Each structure stands twice: as structure tokens, then as C-alpha cells.
Amino acid sequence: TSENNGRDDKDDSSNDIAEEMEKLQYQLTLIEALEERNKAQLESFADEQHQWESLEEEDRELLLSKDSIVERLERIPEPKERETSENNGRDDKDDSSNDIAEEMEKLQYQLTLIEALEERNKAQLESFADEQHQWESLEEEDRELLLSKDSIVERLERIPEPKERETSENNGR
């Protein structure tokens, strides 16, 4: 049990890192969407200063935090590095659990990007004749990502919650 408690602490630490990384990536995605929206709407303002002053305080704070968010993201080890440093001595069942967690993290990140793209598109729609023109102006990669939303949500829904995974893995022991 003391070995299990140590593993649980590492799992908690890994989950905390993953949650922090997801939160920071989400914030960065929102910042990038705000920057895109601002770039698209700049023409409707006298200058950048007037545009800046028209922003919500929350949006200004988020934009100002970009450098620190990028810096914090750079300090977080990549999932493979975390897995190597945390996983030495674990068995295949733990590897399977990590694979599921990594897949879930990847899908959640993609969903966050999609939601940010949708927000950006909503904010920029008035600068296009209609949605079709906006769609055609998107990068191919962005269109593919937006089209994949339903399958990503479906795949996320099929991934069992951590407690369900633990129970099914323990039954196989």
C-alpha cells in the first residue's frame, strides 16, 4: 500500500501538471483568438489605442498576461518527459492508463482550439459577407479542425473517467 500511495501521489502530481497545462493552453488559445479578432476589427477603430480602450478589462488583462503564460507553458515538461520521469518502474497497466490520459489531454486540447476558433469566427463574422465567405477564408487546417468537433466530442465521451478505468484495470489483476 505504501507503494500504491507513492504512485497515487505521482498520479495526482501528473494530473495537476496536466490540468495546469490545459488551463494555460486554453488561456493562450483565448489570447490568440482575441488577437485575431482585434486584427480583423482594427479598421473599424481610429487606431490601436482606441481599440485597446474599447476592450473589456478582462480581455485587456488576458492579453497582457500572454508573455507570462507562454513562459509558464515552456517550463512545464512535455507529456513524454513527465511519463519517463514519473513512470520508471510502473507496469503495463499504468502505461495503458497514461495512454488514455494522454489521448484525453490531446482531445481536450483540440476541443479547446475548436472552441477558440468558433469564438474568433463569431467575433469576425460581421467583417464577411456571410458565413460561407468566412468559411472559405479559413485555412484548410482550421476547417478540418472545426469539422472534427463532433468526432472529438464523441471520442471524449467514450473515454472512461479515471475511477472507471482504475476499477476495470484492477479487475484484470
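Everything below is about the structure shown above.
A few points on the structure. (Residues numbered from 1 in each chain as written. Predicted model: local features only at pLDDT ≥ 70, side-chain atom pairs only at ≥ 80, totals over all residues. Heavy atoms only, no water.)

**Points about the pattern of salt bridges**
Proximity of charged atoms lets side chains of opposite charge pair with each other.
Turning to step 1, where the next piece is worked out: Tallied over the entire structure, the rule returns 12 salt bridges.
Turning to step 2, where the next piece is worked out: With its nearest N and O atoms 2.6 Å apart, the salt bridge here joins Glu57 to Arg60. You can see Glu57 and its partner Arg60 sitting in helix 3 (residues 57–64), 3 residues apart, about one turn around the helix.
Turning to step 3, where the next piece is worked out: Its salt-bridge partner being Glu71, residue Arg75 comes within 3.2 Å of it at the nearest N-O pair. Taken together, the positions of Arg75 and Glu71, both in helix 4 (residues 66–75) and 4 residues apart, correspond to about one turn of that helix.
Turning to step 4, where the next piece is worked out: Looking at Arg75, the relative accessible area reads 57%, which means it is exposed. (Salt bridge = Lys/Arg side-chain N within 4 Å of Asp/Glu carboxyl O. Helix = DSSP H or I, 4+ residues; strand = E, 2+ residues; numbered from the N terminus. Buried < 20%, exposed > 50% of the residue type's maximum accessible area, 1.4 Å probe, protein only.)

**As for the environment of Met21**
Turning to step 1, where the next piece is worked out: Position of Met21 among the secondary structure elements: in helix 1 (residues 2–41).
Turning to step 2, where the next piece is worked out: Take Met21: its relative accessible area is 6%, and that puts it in the buried class.
Turning to step 3, where the next piece is worked out: Considered as a pair, Met21 and Glu74 are 53 residues apart in the sequence and their alpha carbons are 9.8 Å apart.

**So, the layout of surface pockets**
Turning to step 1, where the next piece is worked out: Estimated volume of the second largest pocket: approximately 270 Å³.
Turning to step 2, where the next piece is worked out: For the second largest pocket, the full set of lining residues is Leu30, Ala33, Leu34, Arg37, Glu58, Asp59, Glu61, Leu62, Glu119, Arg120, Lys122 and Ala123.
Turning to step 3, where the next piece is worked out: Counting residues per element, the ones that place at least two in the lining of the second largest pocket are helix 1, helix 3 and helix 6 (92–124).
Turning to step 4, where the next piece is worked out: Looking at the lining of the second largest pocket residue by residue, the class counts come to 5 nonpolar, no polar and 7 charged. (1 Å grid on protein atoms, 1.4 Å probe; cavity = no way out; pocket = protein on both sides within 12 Å on 5 of 7 lines; lining within 4 Å. Points joined across faces, edges and corners; volume = space filled by probe spheres on them. Nonpolar A, V, L, I, M, F, W, Y, C, P; charged D, E, K, R; others polar.)

**Overview of the side chain of Asn121**
Turning to step 1, where the next piece is worked out: With respect to the helices and strands, the residue Asn121 is situated in helix 6.
Turning to step 2, where the next piece is worked out: Judged by relative accessible area, which is 11%, Asn121 ranks as buried.
Turning to step 3, where the next piece is worked out: One polar contact links Asn121 to Arg120, side chain to side chain, over a distance of 3.3 Å.
Turning to step 4, where the next piece is worked out: Apart from the residues lying within four places of it in its own chain, the contact partners of Asn121 are Gln134, Leu138 and Leu146. (Polar contact = N/O pair within 3.5 Å; in protein donor to acceptor, adjacent residues only side chain to side chain. Contact = heavy atoms within 4.5 Å.)

**Regarding the side chain of Gln25**
Turning to step 1, where the next piece is worked out: Looking at the element boundaries, Gln25 is found in helix 1.
Turning to step 2, where the next piece is worked out: Given the relative accessible area of 17%, Gln25 is considered buried.
Turning to step 3, where the next piece is worked out: With residues up to four places along the chain from it excluded, the contact list for Gln25 reads Leu73 and Tyr109.

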